[in-house]
Amino acid sequence: MNQLKLSASALHDLQHIAQFQQRKTSMNNEKGYFCKSRKGIKEFEPIFIKWHEIMDTYAEKTGGDYFHFYRERENVSALSAAAWRNNYVAMSEFSHEKSRKGHKNEKYTGRCDLYIGADKVDFYIEAKHEFISLNTDKEWSERLKGTRSLAISDAKSSGHSEDYSVLGVTFFGFYIPKNHQSKINSAIDKLTKYLENKPFDSAGWYFPNTQRSDQGFQKKILPGCIMVVENLSYNTN
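The structure displayed is predicted, hence computed values, not measured ones.

Some words on the overall build of the chain
Broken down by element type, the chain carries 5 helices and 7 strands. What you see in the chain, going N to C, is helices and strands ordered as α-β-α-α-β-β-β-α-β-α-β-β. Long-range pairs, those at least 24 residues apart, make up 70% of the contacts in the chain between residues at least 6 apart in sequence. With an accessible surface of roughly 12200 Å², the chain has 46% of that area assigned to carbon and sulfur atoms.

Structure below.
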């Protein structure tokens with residue numbers, strides 16, 4: 001019998017397509033991720049899994065508070081916790097030599113948002129955050145890429161070498177007006193279909209089923225978030 005032999009990278013992609021489809025079947029508790037196999041961030045894969053655990057644990061321990069209610073610094077702390085839970089090491093807001101934007105040879109001592117020491121690679125991470133309306137599906141591509149470009153720009157100033165990779169990480173919190181509550185599930189479905197095209201190096205998403213009704217905010221519901229991760233060692237756009 002002839003057998004189809006797949007390369008390691010092709011098998012890796014197929015496994016993640018299967019994983020994506022499996023997670024999509026549980027639309028009321030949407031959690032998932034993807035990592036492109038050729039983008040040098042394989043060591044980041046287990047962090048996505050632990051990130052989901054951290055998000056759940058925090059909500060359980062606080063009686064219903066969620067990281068996706070907050071902005072950059074709080075979400076960076078969740079990412080740091082996910083790294084530690086995976087037996088990596090992490091440190092936030094540390095001193096690091098950077099280049100001035102547009103002047104690579106002009107160096108200065110700045111601060112890097114987060115360091116993660118994985119098993120085989122070190123990640124230097126620059127992060128950004130933005131809240132986006134879940135109703136604006138026609139604008140997702142533009143809005144996601146806009147704030148993502150800010151994280152990439154900051155990451156470029158940190159440079160990269162054979163010793164470490166620099167990542168641009170962008171957290172997107174999603175909101176929807178309370179009077180559009182009935183549209184939340186269909187909007188999340190549209191968003192996951194957009195992510196199915198893998199428009200980034202990697203991304204994780206978190207939309208727990210407990211966050212689709214009134215949370216006590218005045219006019220909005222915040223059902224979840226996306227974490228987009230780009231490796232500047234491979235992606236210079």
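After presenting the structure, the write-up continues.
Some thoughts on helix H2 (residues 45-62)
The end-to-end C-alpha separation of H2 is 27 Å, in line with the 26 Å expected for 18 residues at 1.5 Å each. Every buried residue of H2 is accounted for by Glu45, Ile47, Phe48, Trp51, His52, Ile54, Met55 and Ala59.

As for the packing of H2 against helix H3 (residues 72-85)
Interaxial distance between H2 and H3 falls to 8 Å at its minimum, and their mutual angle equals 115°. The crossing of H2 and H3 is right-handed. Between H2 and H3, the contacting residues are Ile47, Lys50, Trp51, Glu53, Ile54, Met55 and Thr57 on the first element and Ala78, Leu79, Ala81, Ala82, Ala83 and Arg85 on the second. Considered class by class, the residues forming the contact of H2 with H3 number 9 nonpolar, 1 polar and 3 charged.

Re the pattern of salt bridges
Side-chain pairs of opposite charge can arise where the charged atoms are in close proximity. Within this structure, the stated rule accounts for 5 salt bridges. A salt bridge links Glu53 to Lys50, with the shortest nitrogen-to-oxygen separation between them at 3.7 Å. Here Glu53 and its partner Lys50 are both found in helix H2, 3 residues apart, which amounts to about one turn of the helix. What emerges from the salt-bridge pattern is a single network uniting Lys50, Glu53 and Arg85.

Here we look at the side chain of Ser133
Structurally, the position occupied by Ser133 is in strand S4 (residues 122-133). Of the residues examined, Ser133 reaches a relative accessible area of 10% and is grouped as buried. Here the side chain of Ser133 touches Asn135 through a polar contact of 3.1 Å, landing on its backbone nitrogen.

Some remarks on the nonpolar core
Residues Phe44, Leu79, Ile116, Phe123, Ile125 and Met227 are the most contacted members of the largest nonpolar core, which totals 36 residues. Among the elements that make up this core, the one with the highest residue count is H2 (6 residues). Excluding residues that lie within four positions of it along the chain, Ile116 makes contacts with Phe44, Ile47, Leu79, Ala83, Tyr88, Val89, Ala90, Val121, Asp122, Phe123 and Ile125. If you look at the next biggest cluster of nonpolar residues, it comprises 21 residues, including Leu144, Phe172, Ile184 and Phe207.

Analysis parameters
- Residues numbered from 1 in each chain as written.
- Predicted model: local features only at pLDDT ≥ 70, side-chain atom pairs only at ≥ 80, totals over all residues.
- Heavy atoms only, no water.
- Helix = DSSP H or I, 4+ residues; strand = E, 2+ residues; numbered from the N terminus.
- Contact = heavy atoms within 4.5 Å.
- Areas by Shrake-Rupley, 256 points an atom, 1.4 Å probe, with all protein chains shown as cover.
- Expected span 1.5 Å × (residues − 1).
- Buried < 20%, exposed > 50% of the residue type's maximum accessible area, 1.4 Å probe, protein only.
- Axes fitted to C-alpha atoms, helices over the stretch in contact; angles between N-to-C directions.
- Left-handed = near helix turned anticlockwise from the far one by under 90°.
- Nonpolar A, V, L, I, M, F, W, Y, C, P; charged D, E, K, R; others polar.
- Salt bridge = Lys/Arg side-chain N within 4 Å of Asp/Glu carboxyl O.
- Polar contact = N/O pair within 3.5 Å; in protein donor to acceptor, adjacent residues only side chain to side chain.
- Core = buried A, V, L, I, M, F, W, Y, C linked by side-chain atoms within 4.5 Å.

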